[in-house]
Amino acid sequence: MIEILLLLLVILMVGLYRKTSTRVAALEKELEAIKVGLLSTQPVSTAAPVAAPATVPAAAAVIATEAVTEEPAVRAEPVPQAEPVAAEAVPEETIAASVAAEDVAAREEAPAPVATTTRTPTPAKPKNRENLESYLGARWPVWVGGVALAFGGIFLVRASIEAGLLGPGARLVLACLFGLVLMAGGEIVRRRAMPQVSDRFSNAMIPGALTAAGAVTLLGAIYAAYGVYEFIGATPAFILLALVSFATIGLSLLHGQALAGLGLLASLLTPALVASEQPNANALFIFLSLTWVAVNAASRFRRWTIVPMLANIGIGLWAIAYTFGANDFDPMPPTLTLIVMIAGTGFFWPGAVYGTDRVAKSGWSGLLGRQPLTITFSVAIMSVLPALAMLVADSVTGIDPYFASAAVIAALAALGASRAYTVWPAMIAAGGAVLNLFVVALLLLDTYVPQPVGNEPLPVVTYATEVGVSLLLGAVFTLLGFAFLKRFRKTEPEFSMIWSVLMSGVPVALATISFLNFGNLGHDWTHGLYGLGLGLVLLAGAEWLFRERDETSEGRIDWAANLVVAGSFAGFTLALHALTNGIVTTILVSVLGFAYVLGMRARPWPALPWMMAAAILIVFGRIAWEPTLIGQNSLGTTPFFNALLPGYGIPTLLAIVTAYLLKDSSDFRIRNLMQALASLASLMTVAVLVRHAMNGGVLDDRVPTLGEQSIYTLLTVGFSGILMTLDFKRPSPVFRWGSMIAGVLATANALSLHVFGLNPYFSGENTGAWPFFNLLLLGYLLPGLAYALVAYYARGRRPMPYVIMLALAGAVLGFLWATLSVRRFWQGENIADWKGFIAAETYTYSVVWLLIGVALLAIGSKLDAKSLRLASAGLVLVAVVKVFLVDMSNLEGILRALSFIGLGAVLIGIGLFYQRILVNKSGEPAAVDSQEPVS
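Here goes a summary of the coordinates provided. (Residues numbered from 1 in each chain as written. Predicted model: local features only at pLDDT ≥ 70, side-chain atom pairs only at ≥ 80, totals over all residues. Heavy atoms only, no water.)

## Digging into the overall build of the protein chain
- The number of helices and strands found in the protein chain is 32 helices and zero strands.
- Going through the 935 residues of the protein chain one by one, you find that 45% of them count as buried.
- Residue pairs in contact within the protein chain that sit at least 24 positions apart in sequence constitute 75% of those at least 6 positions apart.
- Of the roughly 47500 Å² that the protein chain leaves accessible, carbon and sulfur atoms contribute 68%. (Helix = DSSP H or I, 4+ residues; strand = E, 2+ residues; numbered from the N terminus. Buried < 20%, exposed > 50% of the residue type's maximum accessible area, 1.4 Å probe, protein only. Contact = heavy atoms within 4.5 Å. Areas by Shrake-Rupley, 256 points an atom, 1.4 Å probe, with all protein chains shown as cover.)

Listed below in structure tokens is the structure:
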């Protein structure tokens, strides 16, 4: 078991070394390219003596650097020069000394300068990537050697055990001495190492490998003394392991981030390795807090980001493990440790020092990927997950878990508002706050409440803690949002938009969940006053934000301030839903939106009219949830004059007034949106009132009758004509496209429901006792006339295919009215298909169809409407087919003869009529027979 554990430690060390190697290699590549570029500008003289590398003083490199960066004088006579020596031909120290000596001698012997110029270094070729020999000879031996030394210490102890040479105590002492010797050797090698070696192979340094091997040996020996031989107790073992771990972290300042990772891992595993019969949660999390502080202290000094991320993950996992593993879970210790982690991230490392020498990328992509992403994302996730875990703990002692969870979320939100790079903590904290309350609501609502026995009163269940913590947490987000906007509004516009949403969205979401689960759905003063106060605070905040705008932001949309305005509307809407209900809430929401529109007279805020659009959408949502607004049992049966008239009518009227007020608005988006919403609300209001009146005061999902559907068709066709008229007076894409969409929808209903679905011939519905004023008049003739009028009105104003569609729809409905009226004349009020046909009825169809065809031809000629003439031709063709296929076989005697005689006469008349029309259209005079006069 010990061998496997130590193997994992060594593998982690090697992985961290490998991670660091990539970053260091990139830096070495850049520095080498700069060095070669500077040296290439100084030619090396053949007369200059080349000193041995061992005799070159350390100051030669400095002199060479200064000689390169100065501005040498131009020589009067050229000095003979040899070919430049390649950087790889001689050691770097030799090149630097040669260049320095030659440059100093040239300045001493050169005559007075003729002219002065600045030498521009020529770009050098970048250094080649590290070859295979360097990896195999300089890096891998160090890594493998460190692993081998660690295993050597372990196997030495194991071999002595198997051979029985030494006792347990002596073996442990030797192991500890071996570990100390390795760590001391690492320090000796570090002090005597060549600077070039440490710079070039910083991620494969022999001192770091020796120190890591010594640390692993010491940790193994201490654990064996406790867990295997029981020489020491749990407390001494814990202290010794912690001291070795902290010492390893401290030595990482000298040996690199990989050693820090090893010390961190050892520290996190120490509480798990040292078991106790009476575990102390306070001692555990104090130790974890100290470990986190030690790791981040080293990281702050060396600007590490990987090890702090691992420390955050370790703290979070320990908190989750304690939550689910403790017999009596106390939320206080892990909560305080998580807050220490969050606060340390904000004020210690990365704190305010990170990013002072870095240029942040602008835009949303730069915001979401802003460094240090590894630290901020890990601290956010490892704070929210333990906070959620606290809510589902089985046995809890101490403070309320929801309070502890909310405290962690609030601390994380404070971190998100304190720094410009903490966008992920801010957003994850907001999601965690909503998710926490949602989990609490699910857990509490599933709790069994015992039913009363006999006459006992119902048990009173209150959720004061949950309500109070939820509302307080929402208020914290609002205050943090103002703090962030005051500090970062101008420098962080994208992040300011996020906080403008969070500072209103989070409290409204929390209060809404709390109200729906724990509040009084009738009249809840707590949530109502909270929403009212939130709306007033955000409205005052919007006033402050708009006043604080500088001159450079004129002409641009201040998204942060406008989003705060929207947040104030959300707060007031919450208050209305908590303090009122039913139809009153629906009406007041529209009044609230209209109040924001009237506010445009006092404040030119772009977001104000959009609140009316939001109010109408909320009204639509409430109508979809409860179409009656007051409940089916409370809705009266009086047509039109009932609760539906104010419930639907007042929001619709306010929407129409708003659309009228915005008719000259420079923002075409809200103008078009309000025109569309007002039009849709108007049509919906009339349709609902008709539905209520046609169904005896009942609003349900029953299939409408033909009469009811006919009214809807008339409304839709008339709505199309009204929108067309509005478009002619004040052109608008909403009116233009809305009119055509309404016409298409009406046509689809007519062709599907009037022709087939609700046709009395198929449904068997009674048409009524009156000869003319019956169901057929309402179902076919009136809609057909409406289509004809709208088609005539749209001629030359709408696309021709749309006009033809309307005309054909009207012609089809008129044809059906005439045909079904003939059937009603011969069959009575019920014209169902099961009655069959009689001979006189069949003959009458032919006569009527031909008469309609002739009438359409005459009207089409009078109005010069090609669509009507084509409809006439199609109807006559139907009549011809019917006469030859139906009348010939079904009619007998005089009726058959009259059918064919009438058809022939009509066809001849139509042909003569068409000849005259075509001659008149061609404009050519008719041919006149004449004879030449005889002279």
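## Here we look at the packing of aromatic side chains
- Applying the stated criterion to the full structure yields 22 aromatic pairs.
- Ring centres of Phe377 and Trp424 lie 5.7 Å apart, and the angle between their planes is 85 degrees; on these two criteria the pair is classed as edge-to-face. Highlighted residues: Phe377 in helix 14 (residues 373-391) and Trp424 in helix 16 (residues 423-445), separated in sequence by 47 residues.
- Exposure remark for Phe377: the relative accessible area of 36% places this residue in the partly exposed category.
- Taking 5.1 Å as the distance between ring centres and 85 degrees as the angle between the ring planes, the aromatic pair formed by Phe772 and Phe773 counts as edge-to-face.
- Residue class for Phe772 comes out partly exposed when judged on its relative accessible area of 38%.
- Taking relative accessible area as the criterion, Phe773 reaches 56% and is therefore assigned exposed.
- One aromatic cluster is present, built from ring pairs that chain together Phe477, Phe484, Phe488, Phe495 and Trp499.
- Between Lys663 and the ring centre of Tyr660, over which it is positioned, the NZ or CZ distance is 4.0 Å.
- Sitting above the plane of the Phe837 ring, Arg823 keeps its charged end 4.9 Å from the centroid. (Phe/Tyr/Trp six-rings, centres within 6.5 Å; stacked < 30°, edge-to-face > 60°. Lys NZ or Arg CZ within 6 Å of the ring centre and 35° of its normal.)

## Some details on the environment of Leu689
- Mapped onto the elements, Leu689 comes out in helix 24 (residues 668-694).
- For the pair formed by Leu689 and Gly649, sequence separation is 40 residues and the distance between their alpha carbons is 9.9 Å.

## Brief notes about the packing of helix 17 (residues 464-488) against helix 18 (residues 493-518)
- Packing of helix 17 against helix 18 brings their axes to within 9 Å, and their N-to-C directions diverge by 170 degrees. The orientation of helix 17 with respect to helix 18, classified from their angle, is roughly antiparallel.
- A breakdown of the residues in the contact of helix 17 with helix 18 according to their chemical character gives 18 nonpolar, seven polar and one charged. (Axes fitted to C-alpha atoms, helices over the stretch in contact; angles between N-to-C directions. Parallel < 35°, antiparallel > 145°, perpendicular 65-115°, else oblique. Nonpolar A, V, L, I, M, F, W, Y, C, P; charged D, E, K, R; others polar.)

## Quick word on empty space enclosed by the protein
- If you walk through the whole model with that rule in mind, you get two cavities of 30 Å³ or more.
- Estimates place the volume of the second largest cavity at around 50 Å³.
- Forming the boundary of the second largest cavity are Ile616, Val619, Phe620, Ile623, Gly647, Tyr648, Pro651, Thr652, Ala681, Met684 and Thr685.
- Mapped by element, the contributors of at least two residues to the lining of the second largest cavity are helix 22 (608-625), helix 23 (644-661) and helix 24.
- A per-class count over the lining of the second largest cavity returns eight nonpolar, three polar and no charged. (1 Å grid on protein atoms, 1.4 Å probe; cavity = no way out; pocket = protein on both sides within 12 Å on 5 of 7 lines; lining within 4 Å. Points joined across faces, edges and corners; volume = space filled by probe spheres on them.)

Keep in mind that these numbers describe shape and distance, not what the molecule does.
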